[in-house]
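Per-entry structural report
What follows is each chain in one-letter form.
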Amino acid sequence: MEEILCPGCGERVLLQGLKIGDRIDCTNCADLTLRLEEKDGQYILVDIPKVSCPSCDRILEVPDGLGRGDVMTCCGVDYMLTYEFGAYALVPYGKDEKN
Ligand SMILES: [Zn+2]
Ligand SMILES: [Zn+2]
């Protein structure tokens, strides 16, 4: 059985038949969701970024490929994704354009 180190706490996580692209929750890291990926022929765990909606406080996953300046929608409102101090945040679209 393969084991892999959690990037959050450094503890071993059992792969238990997971495949590339599958998600896993680390038992030690309550708010961390990890995804199994392969890099240079080795399995790695990548932490799925999350952001909370400023309106309803729901925790949303930042979809693959989205980053700073992209748009996410929640509560019927478009928000712009920003990345500051190591974390994502959503700001109402059009209010914080710094380009
Ligand atoms: Zn962990
Ligand atoms: Zn919302």
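The structure reproduced in this document is the subject of the present report. (Residues numbered from 1 in each chain as written. Chains lettered and ligands numbered in written order. Predicted model: local features only at pLDDT ≥ 70, side-chain atom pairs only at ≥ 80, totals over all residues.)

As a further point, take the overall build of the protein chain. From N to C terminus, the protein chain includes 0 helices and 10 strands. Counting from the amino terminus, the protein chain carries its helices and strands in the arrangement β-β-β-β-β-β-β-β-β-β. The C-alpha atoms of the protein chain give 16 Å as radius of gyration, which overshoots the globular expectation for 99 residues (13 Å, by more than 25%). The C-alpha extent of the protein chain, read off along each of the three principal axes, is 50 × 30 × 25 Å. Once local pairs closer than 6 in sequence are excluded, the contacts in the protein chain between residues at least 24 apart make up 15%. (Helix = DSSP H or I, 4+ residues; strand = E, 2+ residues; numbered from the N terminus. Rg over C-alpha atoms; globule rule 2.2 N^0.38 Å. Contact = placed C-beta atoms within 7 Å.)

For the rest of this paragraph, the subject is the pairing of strand 5 (residues 42–47). The two faces of a sheet get side chains in turn, since along a regular strand they alternate between them. In the sheet, strand 4 (residues 33–39) pairs with strand 5 via 6 bridges, with the strands oriented antiparallel. Its bridge partner lying in strand 5, Lys-39 is registered against Gln-42. The loop that links strand 4 with its antiparallel partner strand 5 comprises 2 residues; one of these, Asp-40, has a positive phi angle of about 50 degrees. (Pairing = 2+ DSSP bridges.)

Looking now at the sheet that holds strand 4. Pairing is antiparallel in the open sheet, where 3 strands are placed in the order 3-4-5. The sheet terminates laterally at strand 3 (23–25) and strand 5, the two strands that pair on one side only. Taken pair by pair, the neighbouring strands of this sheet meet at an average axis angle of 40 degrees, ignoring direction. Sheet topology note: the strand 3/strand 4 ladder contains 3 bridges and is antiparallel. Within strand 4, the position partnered with Asp-25 by the bridge is Thr-33. (Axes fitted to C-alpha atoms, helices over the stretch in contact; angles between N-to-C directions.)

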